[in-house]
Amino acid sequence: MGISKITTDKVKERMDIEEVVGDYVSLKKKGQNLWACCPFHGEKTPSFSISPAKQIYKCFGCGKAGDPIQFVMDLEGIGFQEAIKQLAQKYGIEVEEDETRTPEQDLQYKERESLYIALAFARDFFVKNLQSAEGKSIGLSYFKERGFSPQIIEKFDLGYALDGWDHLLEAGKQAGFSEDILLKAGLILQKESDPTRKYDRFRGRVTFTIHNISGKPIGFGARILTKDKNQPKYINSPETPVYHKSDVLYGMYQAKKAIRDQENCYLVEGYTDVVSMHLSGIENVVASSGTSLTDGQIKLIKRFADQVTVLYDGDPAGIKASLRGIDLLLEGGLNVKAVVFPMGEDPDSYSRKVGSEAFQTYLKENSRNFIGFKIDLYREEIASDPIKKANLIKEVVQSIGKIPDPILRSVFAKEAAQLLEIGEDILHTELNKTLLKSSQEEAKRASFDKEAEEAIQELFEPEVATSFQDILRIQERELIRLLLNYGAEQIDQQGLSLSGYLLEEVADVEFQSPVHQKILNEYRGHLEKGQNPSVDYFLQLGDPQVQKEVIDLITNRHEISTHWTERHQIFIHRETDDLSQTGYKSILRLKRRVVQKMMEEAKEKLKQGESQGLEETQIIELQEIYFALKKVQLKIDKELGIVIG
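Residues numbered from 1 in each chain as written. Predicted model: local features only at pLDDT ≥ 70, side-chain atom pairs only at ≥ 80, totals over all residues. Heavy atoms only, no water.

### Some remarks on the packing of helix 18 (residues 386-401) against helix 19 (residues 406-420)
Look at helix 18 against helix 19: their axes get within 10 Å of each other, and the N-to-C directions meet at 165 degrees. Overall, the two elements helix 18 and helix 19 adopt an arrangement that is roughly antiparallel. With respect to the hand of their crossing, helix 18 and helix 19 are arranged in right-handed fashion. Judged by residue contacts, K389, L392, I393, V396, I400 and G401 of helix 18 engage R409, F412, A413, A416 and L420 from helix 19. (Axes fitted to C-alpha atoms, helices over the stretch in contact; angles between N-to-C directions. Helix = DSSP H or I, 4+ residues; strand = E, 2+ residues; numbered from the N terminus. Parallel < 35°, antiparallel > 145°, perpendicular 65-115°, else oblique. Left-handed = near helix turned anticlockwise from the far one by under 90°. Contact = heavy atoms within 4.5 Å.)

### Let's talk about the sheet that holds strand 8 (residues 159-161)
One open sheet accounts for 4 strands, arranged 8-11-12-13; its pairing is antiparallel. Because the sheet does not close on itself, it has two edges, and the strands there are strand 8 and strand 13 (234-236). Pairwise comparison of adjacent strand axes, ignoring direction, gives a mean angle of 35 degrees for this sheet. (Pairing = 2+ DSSP bridges.)

### A short note on the nonpolar core
Counting 72 residues, the largest nonpolar core has F48, M252, L329, F370 and I400 as its most contacted members. For this core, the element with the most residues is helix 17 (residues 370-383), which contributes 7 residues. One finds F126, L169, A287 and V339 within the second-largest nonpolar core, a separate group that totals 56 residues. (Core = buried A, V, L, I, M, F, W, Y, C linked by side-chain atoms within 4.5 Å. Buried < 20%, exposed > 50% of the residue type's maximum accessible area, 1.4 Å probe, protein only.)

### A few points about the sheet that holds strand 3 (residues 33-36)
An order of 2-3-4-5-6 is seen for the 5 strands of this open sheet, with the pairing classed as antiparallel. Of all the strands in the sheet, just strand 2 (28-30) and strand 6 (65-66) have a single pairing partner and so form its edges. Relative to strand 6, strand 5 (residues 56-59) is paired through 2 bridges, and the arrangement is antiparallel. What sits directly across from K58, in strand 6, is A65. Its contacts with the sheet place helix 3 (residues 68-76) against strand 4 (48-51), strand 5 and strand 6, and it is angled at close to 45 degrees to strand 5.

### Side note on the packing of helix 1 (residues 5-14) against helix 4 (residues 80-90)
Between helix 1 and helix 4, the shortest axis-to-axis distance is 10 Å and the interhelical angle comes to 60 degrees. Between helix 1 and helix 4, the crossing angle belongs to the class labelled oblique. Considering the relative orientation of helix 1 and helix 4, their crossing is left-handed. Mapping the contact onto sequence places T7, T8 and V11 in helix 1 and F80, I84, L87 and A88 in helix 4. Its residues assigned to classes, the contact of helix 1 with helix 4 comprises 5 nonpolar, 2 polar and no charged. (Nonpolar A, V, L, I, M, F, W, Y, C, P; charged D, E, K, R; others polar.)

Structure below.
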């Protein structure tokens, strides 16, 4: 069973590219389009463009492109049907089923959906347990002691796992879930010595629901409330098909809007730190959940803000052990600040101790950039130990070297020199050494990667297209670009459209590229019915190759400012100024390439014929064909103004 066409059509009518993409990345308006750092690959300068008018996105860095549905598919790693369902939920559209999927697709879809449903069931089960006698006396009382309000408990789906071996397992089976799905969701375990014996993973603990970016439960963290030294304080869900720890930050679903609005993300360590800060009125906060920061988590923060403020517990030894995280954040293109709490305090304990207002004031007054923070951390040690001071200078220089922006590097180098009381030229010399070393290492990696890529291509590419064929494809692509962008435009007083002219001129031409030939055939079919197909038609054709190529052909990275050109009286010729001439020249260039291809084929036949002993009349015929084609090429060259020496 698949999702019906009626549901799909409703979603397509309702969805908006800005709303959909805006759920995942922070967008900034520039000209007619919206821009962001690409969520699909790491970058420091935004090259990810969203066109609200055309309802498409395009990254000029990695080439990803599509409509809102394709965006959700690419980012969430899901299929078309799942993306439609997710967007339907976003816009409150009822999902109707239809028999369209293959059995294999249906099986994959059902398993993934079953995992989400099982995890949602577990969330509801844990939340409901707070109202049981055991849940009230243990779980709910713990949350109340920490000052967690009913609204906060509901906002974060906090709950309690009953103290027993199989409460969730039995409840899940009664609700119709198989043991296999509960296992794959990470909700139950099986005994190593006896796989037939299964039991609950979370028992006698308060639970913290982990959500994905769109709000679905994907895992749990659970805290023990007793002082059993044989049990870990926290246990977490394992990796599953829907939960990849390295790409998830606790609280991001609840925080993403506030992070965008505040243009800053507070980064803490634990679940309770996040919840307590929401209680204090600070919602732009996420937690790494006690694990080391990953590249995926850093990219997730970068989607919503360029600045991150790391909040450290009042434990100097612990802070020094976790300083590598700052370098990773800097390397990820983020501006980094830090706040340290008084000795023995963490965000959770300190916010409860001083109250919301004083807590917010403390964050503002004690926020330092990473340079001042690092130097303050070691100030007492370096005051009387020159060796430690030299080591700190090297460490600070290494951190500055991680910053991608050269202007920011220079600013921070100057500040570091002042705070460390050393010559700025000395610090710059060390910085240049660091940058040179990094550059050399990167060059080695790039060289290795290139060699590996070439070796793979040599092994697996059966045929490499000649430069001539590539040129012909480029010219075909240019004609398709004109067709898509201006096909419906009239180019003479008799009402001839550009598409009518172009398609008539290439009626007997077979394009080299299958995707361009497909677009051409689709366009021709519509034109025969008296219609010029819209760009939307091709975007919704259901062919990913066609969709990507169409977006590439209708999207421009740069826009010429009409305000600037008019102000300075600069007039730039545009292809739209005379479409008939633009179309004519494009056809001539394409025909020139086709003629050249035919000449190459004739030459090749002549070479083969001479070696294979063709009759003289056949050789003369091939020569006549070649010279006739040459005359056609020279005529085209003259029209195009091409001078051949």
